Number of protein chains: 2
Amino acid sequence: MLPRRKHPDVIFGNRGMSLEEEINQSNTYYLQNEIAVIHKKPVPIQIVQVSYPKRSAAVIKEAYFKQSSTTDYNGVYKGCYLDFEAKETKNKNSFPLSNFHEHQVEHMKACTRQGGICFAIIKFSVTQQLFLLPAAILFDYWDNQTKGRKSIEKKVIASSGYAINYHVQPLIPYLKYVDKLINK
Amino acid sequence: MLPRRKHPDVIFGNRGMSLEEEINQSNTYYLQNEIAVIHKKPVPIQIVQVSYPKRSAAVIKEAYFKQSSTTDYNGVYKGCYLDFEAKETKNKNSFPLSNFHEHQVEHMKACTRQGGICFAIIKFSVTQQLFLLPAAILFDYWDNQTKGRKSIEKKVIASSGYAINYHVQPLIPYLKYVDKLINK
């Protein structure tokens, strides 16, 4: 149960929940209410050995984590293809670009070229602040990091992106800001 | 290397390759040529035990296959969200609906309601015939299977869908038929 507050519709983060769980919960709400179909992709695994015990389910006995070639989330909303990555930082004033992998940025660039809507959901965990950062801003910082700056300042994220307030249903109402990207 | 033939651009299936491998290869071609970004989703796994040996990669020691709640493939093409499933049958004249799972059909219905383009790529392995079947036809047969018919006849698939001829680049040029679904 979510805590009751003066403004029951507004809550301030679930301190026990990871950003991934918060987004999954929000996606379940969007799915059940036929607002959007967005799923987190399974973690890619290289399976080496599987045993098939009699009368029970196959057991994977040896497997390794593989690096994904895409972002974690994608789906469809209002006829648009959405693709995004969710990242959390303990930093207070800036978001380190090292949180992203080259292949994730390349994948978002490829999706953008195909007309997809790409972005990142960034959480500053110390202050429980959430932002939606359009991919174009990320690409700009990413491509220029060799020139020096290896992070995006929170004030840039706040002014170029959108602050998302925690809500109840859904917990993270990020599609409200995706609407702004669609209408651009 | 692909076999050389009279019409070097037309080949007749790679008998050693699974449909999944054929589609993955085609998606790699589409990706590298900036035509579309479509990926197969990883198989969902429930991880139970992981060991972390010193100075080497984490090893998954116990895990189980989970049922996916979506289809196998999705991505973006010409600004459209694509979502599909690939299925092979050894039957000669009809495609059994039991090849689909309830959740896959439900997922495609949900994506269709959001304006996504959904379909199945069906392969009759004995004759190496490939078809793209629009999801609407599948939904129609799926929803009426309690009335008796538990399969879709090949002649219905051929007349309501599109026959896909094997090609070289890409091996399965299915986006050519997706164009017809987009323009509908």
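Residues numbered from 1 in each chain as written. Chains lettered and ligands numbered in written order. Predicted model: local features only at pLDDT ≥ 70, side-chain atom pairs only at ≥ 80, totals over all residues. Heavy atoms only, no water.

A. The interface of chain B and chain A, seen in detail. Residue-level contacts link 35 residues of chain B with 36 residues of chain A. Note on chain B versus chain A: buried area summed over both sides is about 2,900 Å², and carbon and sulfur give 66% of it. In this structure, the connection of chain B to chain A is made through 2 salt bridges. Its salt-bridge partner being B:Arg113, residue A:Glu34 comes within 3.3 Å of it at the nearest N-O pair. Counting across the interface, chain B meets chain A through 13 residue pairs in polar contact (both at pLDDT 80 or more). Listing elements by their share of the side of chain B that touches chain A, those giving two or more residues are strand 1 (37-40), strand 2 (45-51), strand 3 (59-65), strand 4 (73-77) and helix 2 (102-113) of chain B. (Contact = heavy atoms within 4.5 Å. Buried area = accessible area lost by both parts, 1.4 Å probe. Salt bridge = Lys/Arg side-chain N within 4 Å of Asp/Glu carboxyl O. Polar contact = N/O pair within 3.5 Å; in protein donor to acceptor, adjacent residues only side chain to side chain. Helix = DSSP H or I, 4+ residues; strand = E, 2+ residues; numbered from the N terminus.)

B. Structural view of the environment of B:Val178. Residue and element names in this part refer to chain B. Among the secondary structure elements, Val 178 is positioned in helix 5 (residues 175-183). Residue classification places Val 178 among the buried residues on the basis of a relative accessible area of 0%. The spatial distance from the C-alpha of Val 178 to the C-alpha of Leu 138 is 16 Å, given a sequence separation of 40 residues. If sequence neighbours within four positions are ignored, Val 178 has contacts with Tyr 77, Leu 82, Ile 117, Phe 119 and Leu 132. (Buried < 20%, exposed > 50% of the residue type's maximum accessible area, 1.4 Å probe, protein only.)

C. Expanded view of the UniProt feature "binding site: Mg(2+)" (unreviewed entry) in chain A. Residue and element names in this part refer to chain A. In the numbering used here, UniProt assigns the feature "binding site: Mg(2+)" (unreviewed entry) to Thr 70, Asp 72, Glu 85 and Gln 104. In sequence the annotated residues extend across 35 residues, while in space they remain close, none of their C-alpha pairs exceeding 9.2 Å. The topology assignment puts Thr 70 in the loop between strand 3 (59-65) and strand 4 (73-77). A residue is classified by how much of its surface remains accessible, and Thr 70, at 6% relative accessible area, is buried. Among the polar contacts made by the side chain of Thr 70, one reaches the side chain of Lys 41 at a distance of 3.0 Å. In this structure, Asp 72 sits in the loop between strand 3 and strand 4. Residue Asp 72 is classed as partly exposed on the basis of its relative accessible area of 24%. In this view, Asp 72 contacts His 39, Lys 40, Lys 41, Phe 84 and Glu 85; residues no more than four positions away in its chain are not counted. (UniProt positions renumbered as here; feature names shortened; annotations may be inferred.)

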